[in-house]
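Next come the chains, spelled out residue by residue.
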Amino acid sequence: MLDLEPFRTAETIRWVRRTEFAPHSGDDGNLVASTGHSIPLDTWTPESRRRWNQRGDGLEIAERPPFDDKSGMVVVDPETLDDVHEAVRAWCRDNLGRTDLAFDD
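Residues numbered from 1 in each chain as written. Predicted model: local features only at pLDDT ≥ 70, side-chain atom pairs only at ≥ 80, totals over all residues. Heavy atoms only, no water.

A. Looking closely at the overall build of the protein. On a plain count of helices and strands, the protein comes out with two helices and seven strands. Counting from the amino terminus, helix and strand elements in the protein follow one another as α-β-β-β-β-β-β-α-β. Counting over 105 residues, the protein shows a buried share of 40%. Long-range pairs, those at least 24 residues apart, make up 53% of the contacts in the protein between residues at least 6 apart in sequence. For the protein, the exposed surface amounts to about 6100 Å²; the carbon and sulfur share of it is 47%. (Helix = DSSP H or I, 4+ residues; strand = E, 2+ residues; numbered from the N terminus. Buried < 20%, exposed > 50% of the residue type's maximum accessible area, 1.4 Å probe, protein only. Contact = heavy atoms within 4.5 Å. Areas by Shrake-Rupley, 256 points an atom, 1.4 Å probe, with all protein chains shown as cover.)

Here it is in C-alpha cells:
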C-alpha cells in the first residue's frame, strides 16, 4: 500500500502539475512533501474511468480507490484550473486530513 504518512506529517505539501491544463481532461501531477517525499497524484475524468464490465455487454464506470500501491487518483471533470485545485485539495482532505497545500502550475 502507498505510504501516505510522510505527507500527513510534513511541514508543507504541494501539488506539481506535469501536463498543461485542458478543460475536461486529466492531468499528471506529483504530490511533493517538504521532507522530499513525492508520489504521482493524477487527475482522471469520470469518462476515462470507463471500462468493459465483467459481463462483457457494455461500458461502466470503474470503481477505483483514491490510491493504489504506486499513485493517488483524483476524479474530476474540470472546466477551470480552480476545479482541479479544489478536487486535489478534497483528495488531500479525505486521505491526508489536510487542505493546506500549495499548487505549482
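Okay, back to it.
B. Structural context of unusual backbone geometry. With a phi close to 60 degrees, histidine 24 is a non-glycine residue in the positive phi region. Relative to the helices and strands, histidine 24 resides in the loop between strand 1 (13-17) and strand 2 (29-33).

C. Seen up close, the sheet that holds strand 2. If you walk across this open sheet you meet the five strands as 6-3-2-1-7, and the pairing is mixed. Two strands bound the open sheet, and with one partner strand each, they are strand 6 (72-75) and strand 7 (101-104). Strand-to-strand twist of the sheet, defined as the mean angle between neighbouring strand axes without regard to direction, takes the value 25 degrees. Direction of pairing for strand 2 relative to strand 3 (residues 38-44): antiparallel, over a ladder of three bridges. Across the sheet, asparagine 30 pairs through a bridge with proline 40, a residue of strand 3. Across the face of the sheet, helix 2 (residues 81-96) comes into contact with strand 1, strand 2, strand 3, strand 6 and strand 7 while running at roughly 140 degrees to strand 1. (Pairing = 2+ DSSP bridges. Axes fitted to C-alpha atoms, helices over the stretch in contact; angles between N-to-C directions.)

D. Looking closely at the packing of aromatic side chains. Summed over the entire model, instances satisfying the criterion amount to one aromatic pair. Each ring, one from tryptophan 15 and one from phenylalanine 103, has its centre 6.4 Å from the other, and the planes form 70 degrees; the classification is edge-to-face. With tryptophan 15 in strand 1 and phenylalanine 103 in strand 7, this pair connects stretches of sequence that are 88 residues apart. With a relative accessible area of 0%, tryptophan 15 lands in the buried category. We classify phenylalanine 103 as buried; its relative accessible area is 18%. (Phe/Tyr/Trp six-rings, centres within 6.5 Å; stacked < 30°, edge-to-face > 60°.)

E. Region of interest: the side chain of arginine 17. Position of arginine 17 relative to the elements: it lies in strand 1. On the basis of relative accessibility, which here comes to 12%, the residue arginine 17 falls in the buried class. Within the structure, arginine 17 has its side chain in polar contact with the side chain of aspartate 105 (distance 3.2 Å). Setting aside chain neighbours within four positions, we find arginine 17 in contact with Asp27, Asp28, Gly29, Leu81, Val84, His85, Asp104 and Asp105. (Polar contact = N/O pair within 3.5 Å; in protein donor to acceptor, adjacent residues only side chain to side chain.)

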